[in-house]
Amino acid sequence: MRWAGSSSTPSLKGVKLVRTFGDGTTRRAALQVVDIDLFPGQLALLMGPSGSGKSTLLAVLSGLLQPDSGQVLADDDGTLRDVWALTDKEREQYRRKHAGFIFQGYNLFPALTARQQLEIVLKWGEGAGPAAAKTRADEMLDKLGLAKNRHKKPAQLSGGEKQRVAIGRALVKNPSFMFADEPTSALDWENGQKVIELLRDAAHQRGASVLCVSHDHRLLPFVDVYYHLDDGRLERRALPSE
Amino acid sequence: MSYALQTLWHERARYASGVLAVTFSAVLIALQCGLMLGLFKITSIPIDNTTADIWVGSTAVPSVDLGKPIPMSYLSRVQGTPGVTSVEPYIANFANFTRASGGTELCFLLAGQIDHGSAGAAVPLSREQLDALTLPNSIIVDESDLKRLGLDGGEGKAKINGKDVKLVGTVKGLKSLAAPWVFCSLHTARHLLGFLLPPDHVTYLLARCESPARAKEVVAELKERHAGDMGAYTAEEFSTGSRLYWLLRTKAGIAIGYAALLGLVVGSVITAQTLYSATAANAKEFAILLALGIPRWRISLMVLMQSFWVGIVGIVLSYPACLALKAAARQVGADVDLRWEVLAGTAVVTVGMALVSGLFALRSVRQIEPMTLLR
Ligand SMILES: Nc1ncnc2c1ncn2[C@@H]1O[C@H](COP(=O)(O)OP(=O)(O)OP(=O)(O)O)[C@@H](O)[C@H]1O
Ligand SMILES: [Mg+2]
């Protein structure tokens with residue numbers, strides 16, 4: 001089942017994004033005038049050599065790192081808003097409502113069970129009540145094939161299971177955007193494949209715009225669009241299937 | 001169970017030093033206060049070992065050893081107050097004690113009616129000892145003062161204010177701090193004090209009442225009616241007053257304050273350090289929450305909750321430690337008074353300390369940056 005609204009209008013637009021680091025002789029442009037459109041229901045893969053600016057672009061688009069110039073326009077319930085024109089508080093609220101994140105490290109609280117890792121996002125983020133948080137957390141864990149692992153703490157989970165819990169934590173609030181930075185690079189291929197499939201499901205079944213940064217070419221068959229970044233310049237490339 | 005408490009338990013090895021620091025501070029403070037209170041109980045021994053409900057004396061007596069003589073005629077004032085069942089004279093005065101072998105000490109004469117069951121008869125004195133005190137110039141002292149007064153050998157003879165006295169018995173547990181207590185009859189006391197106590201004067205009038213509640217009312221009435229020339233105190237307030245007076249007078253309170261402050265400073269530094277590093281260790285997990293748009297104050301609250309639980313657990317552990325040390329102190333003859341006010345005060349102060357440490361540890365929350373998650 002393919003999400004109906006895919007490829008209509010972009011839900012996230014990067015417009016002429018520039019970001020440099022350092023100054024003087026150490027000055028270095030991580031992003032040199034990047035334009036990018038992300039669509040709902042679409043899984044986009046961003047590849048490129050190390051140091052090419054992939055993480056920088058992901059941070060700018062997700063509202064974590066301010067660009068030197070350019071705009072990030074995001075769909076907020078029907079209107080496009082410039083994320084970097086918002087106040088810090090508004091941007092935080094925007095991320096709370098719309099943004100999910102996954103990173104290479106799972107970053108799960110060692111003391112908490114799988115269910116609690118998800119509940120904390122609902123309780124602290126949306127002010128969800130204990131019963132609602134529990135139900136939604138369990139539903140999400142079931143969908144990720146983690147039903148048996150609800151009460152396990154990170155130390156009792158395998159790497160793949162931990163990354164799936166982390167995906168659950170990002171998805172449980174049903175975000176419109178999903179940002180993943182090297183989500184598979186710490187996993188073997190079998191688990192990596194599961195992760196990219198889950199990200200694809202998030203796009204195709206839930207209608208999220210998913211941006212995944214990776215340097216693993218084996219992910220290509222799973223994605224809808226493929227961008228290549230080199231020395232801060234972005235280029236859309238054809239998928240092997242196209 | 002809260003996330004904070006769950007984290008505390010899961011990472012107990014990490015939090016242990018903070019918890020133990022709280023325990024250490026709490027034990028230090030409670031024992032200091034308890035020891036001082038126990039020590040200063042000595043100053044109210046004359047009150048605590050008699051059975052009067054009300055002490056009447058000169059105006060504004062700060063401590064039982066500082067009462068000035070009052071006329072015996074006040075007796076009728078007290079007796080005439082409804083609710084008072086009995087009144088009797090009591091003499092409490094410093095005197096010079098001269099050992100048989102020479103050398104003098106300051107002592108404190110305590111003389112009440114020596115009929116068995118009278119309000120002024122010191123409770124530890126047996127019927128036989130009270131009878132013995134009817135002999136002129138006979139005295140009784142505490143065992144622990146025998147040596148100091150040169151009464152440990154020989155025939156128990158000595159002089160008080162230049163007049164012969166004879167030891168007729170000893171008691172236990174009525175230790176003195178500075179001047180040894182010397183128990184005798186009113187008659188003996190008058191003889192020994194001579195012109196130091198004006199004729200027809202006593203130091204106190206001890207009254208008994210129908211009930212302790214009535215005693216409070218009687219005291220209030222007496223205070224109001226005779227505010228100018230007579231003081232009236234319930235036994236309880238006079239006892240506490242005497243202890244507090246000497247506690248403050250000797251600046252022992254300052255010693256407690258310093259010890260407590262030192263305990264708090266050491267405790268809070270260690271606790272703050274523990275919480276700081278524990279929070280830093282979870283920085284990446286917290287950073288994810290920030291990236292997901294969860295406000296920073298939520299995380300600060302979690303750290304404060306952790307500091308609160310560190311405080312609570314520390315307090316709980318300190319309780320048995322205090323009791324054990326109290327028992328150990330008793331073995332060496334020191335009384336540690338762990339009344340509930342001491343325990344409650346200690347708990348409030350140390351949990352407060354833990355929370356303040358938590359506030360310091362919030363620095364590490366401010367340093368958390370979601371950008372650090374990207375690579
Ligand atoms: N905080 C920073 N301060 C200075 N320079 C930075 C900072 N972050 C990134 N850079 C530089 O910006 C450039 C792009 O970095 P970025 O992390 O986006 O690369 P990347 O494509 O994600 O690389 P990798 O594949 O190794 O993760 C690099 O040259 C990097 O050194
Ligand atoms: Mg990177």
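Residues numbered from 1 in each chain as written. Chains lettered and ligands numbered in written order. Predicted model: local features only at pLDDT ≥ 70, side-chain atom pairs only at ≥ 80, totals over all residues. Heavy atoms only, no water.

1. A closer look at the overall build of chain A
For chain A, the helix and strand inventory stands at 6 helices and 10 strands. Here chain A has a C-alpha radius of gyration of 18 Å; the compact-globule value for 242 residues is 18 Å, and the two agree. Judged by the C-alpha coordinates and their principal axes, chain A covers about 50 × 40 × 40 Å. Here chain A, with 242 residues, has 57% of them falling under the buried criterion. (Helix = DSSP H or I, 4+ residues; strand = E, 2+ residues; numbered from the N terminus. Rg over C-alpha atoms; globule rule 2.2 N^0.38 Å. Buried < 20%, exposed > 50% of the residue type's maximum accessible area, 1.4 Å probe, protein only.)

2. Thoughts on the domain arrangement of chain B
For chain B, the assigned domains read domain 1 (2–41 + 250–373) and domain 2 (59–229). Each of domain 1 of chain B and domain 2 of chain B was reduced to a C-alpha centroid, and the two centroids are 48 Å apart. (Domains from an automatic or database assignment.)

3. Here's the deal with unusual backbone geometry
Of note, N174 of chain A is a non-glycine position whose phi angle comes to about 55 degrees, a positive value. Its location among the elements puts N174 of chain A in the loop between α5 (159–171) and β7 (177–181). Of note, D200 of chain B is a non-glycine position whose phi angle comes to about 60 degrees, a positive value. Looking at the secondary structure, you find D200 of chain B in the loop between α6 (186–193) and β9 (201–202). Given the relative accessible area of 59%, D200 of chain B is considered exposed.

4. Topic: the sheet that holds strand β4 (residues 69–76) of chain A
As a general point, the strands of a sheet are linked pairwise by backbone hydrogen bonds and lie either parallel or antiparallel. Residues and elements named next belong to chain A. Pairing is antiparallel in the open sheet, where 4 strands are placed in the order β2-β1-β4-β5. Since the sheet does not close on itself, it has two edges, and those belong to β2 (28–38) and β5 (79–82), each with one partner. Strand-to-strand twist of the sheet, defined as the mean angle between neighbouring strand axes without regard to direction, takes the value 25 degrees. For strand β1 (residues 12–21) and β4, the ladder comprises 5 bridges, and the chain directions are antiparallel. (Pairing = 2+ DSSP bridges. Axes fitted to C-alpha atoms, helices over the stretch in contact; angles between N-to-C directions.)

5. Overview of the interface of chain A and chain B
On the chain B side, the residues contacting the 31 residues of chain A number 26 residues. Between chain A and chain B, a total of about 2700 Å² is buried, with carbon and sulfur atoms accounting for 67% of that surface. It is N107, F109 and W124 of chain A that lose the most area in chain A upon contact with chain B, and together they represent 27% of the buried surface on that side. Applying the counting rule to chain A against chain B returns 0 salt bridges. Counting across the interface, chain A meets chain B through 8 residue pairs in polar contact (both at pLDDT 80 or more). Per-element tally for the side of chain A that touches chain B: the top contributor is helix α3 (residues 114–126) of chain A, with 7 residues. Of the residues that constitute the side of chain A that touches chain B, the class distribution is 15 nonpolar, 7 polar and 9 charged. (Contact = heavy atoms within 4.5 Å. Buried area = accessible area lost by both parts, 1.4 Å probe. Salt bridge = Lys/Arg side-chain N within 4 Å of Asp/Glu carboxyl O. Polar contact = N/O pair within 3.5 Å; in protein donor to acceptor, adjacent residues only side chain to side chain. Nonpolar A, V, L, I, M, F, W, Y, C, P; charged D, E, K, R; others polar.)

6. A closer look at the confidence of the model for chain B
Across chain B, pLDDT averages 91, with 100% of residues at or above 70. Quick note on the complex model: pTM equals 0.80, ipTM equals 0.92. (pLDDT = per-residue confidence, 0-100.)

7. Observations concerning the sheet that holds strand β9 (residues 225–230) of chain A
Residue and element names in this part refer to chain A. Strand order in the open sheet formed by 6 strands is β6-β7-β8-β3-β9-β10, and the pairing between neighbours is mixed. Looking at the sheet topology across the chains shown, the edges are occupied by β6 (99–102) and β10 (233–237). Across the sheet, the axes of successive neighbouring strands diverge by a mean angle of 20 degrees, strand direction being ignored. Judged from the 5 bridges that link them, β7 and strand β8 (residues 209–213) form a sheet pairing that is parallel. Bridge pairing in β8 links F179 to L211. Of the strands in this sheet, β3 (43–47), β7, β8, β9 and β10 touch helix α1 (residues 54–61), which is tilted by about 155 degrees from β7. In the packing of helix α2 (residues 88–98) onto the sheet, contacts are made with β6 and β7, and the angle to β6 comes to roughly 75 degrees.

8. Brief notes about the pattern of salt bridges
Residues and elements named next belong to chain A. Under the criterion given, the structure shown has 29 salt bridges over all chains. With a shortest N-O distance of 3.0 Å, K97 and D77 are connected by a salt bridge. Here the residue K97 occupies a position in helix α2, and D77 occupies one in the loop between β4 and β5, the gap between them amounting to 20 residues. Note that D138 is salt-bridged to R150, the shortest N-O span being 3.5 Å. Here the residue D138 occupies a position in helix α4 (residues 130–143), and R150 occupies one in the loop between α4 and α5, the gap between them amounting to 12 residues. Take D138: its relative accessible area is 10%, and that puts it in the buried class. Residues joined in a network through salt bridges with shared partners are D76, D77, R81 and K97.

9. Digging into the side chain of H226 of chain B
Of note, H226 of chain B is situated in the loop between α7 (212–225) and β11 (231–234). Taking the relative accessible area as the measure of exposure, H226 of chain B reaches 13% and is therefore buried.

10. Focus: the packing of aromatic side chains
Counting across every chain of the model gives 16 aromatic pairs over all chains. Ring geometry for Y94 of chain A and F177 of chain A: centres 6.4 Å apart, planes at 45 degrees, overall tilted. Pair noted here: Y94 of chain A is in helix α2 and F177 of chain A is in strand β7, with a separation of 83 residues, a long-range link. With a centroid separation of 5.7 Å and an interplanar angle of 70 degrees, the aromatic rings of Y204 of chain B and F238 of chain B are classed as edge-to-face. Placement of Y204 of chain B in strand β10 (residues 204–209) and of F238 of chain B in helix α8 (residues 235–249) is noted, with a sequence separation of 34 residues between them. Among the aromatic residues, those joined into a cluster by ring pairs are Y94, F101, F103, F177 and F179 of chain A. If you follow R12 of chain B out to its NZ or CZ, it ends over the ring of W9 of chain B, 4.0 Å from the centre. (Phe/Tyr/Trp six-rings, centres within 6.5 Å; stacked < 30°, edge-to-face > 60°. Lys NZ or Arg CZ within 6 Å of the ring centre and 35° of its normal.)

11. Comments concerning the site of ligand 1
For ligand 1, the set of nearby residues contains 13 residues, the closest of which are R28, S50, K54, S55 and T56 of chain A. Residue neighbours of ligand 1 fall on chains A and B, so the site bridges chains. Within the backbone of G51 of chain A, one N or O atom sits 2.8 Å away from an oxygen atom of ligand 1. Between ligand 1 and G53 of chain A there is a distance of 3.0 Å, counted from an oxygen atom to a backbone nitrogen or oxygen. (Near = heavy atom within 4 Å.)

12. With respect to the environment of M36 of chain B
Residue and element names in this part refer to chain B. Locating M36 in the fold gives a position in helix α2 (residues 12–40). A sequence separation of 216 residues divides M36 from A252, and the C-alpha atoms of the two residues are 7.5 Å apart. In this structure, M36 is in contact with L247, A252 and I256, ignoring residues within four places of it in sequence.

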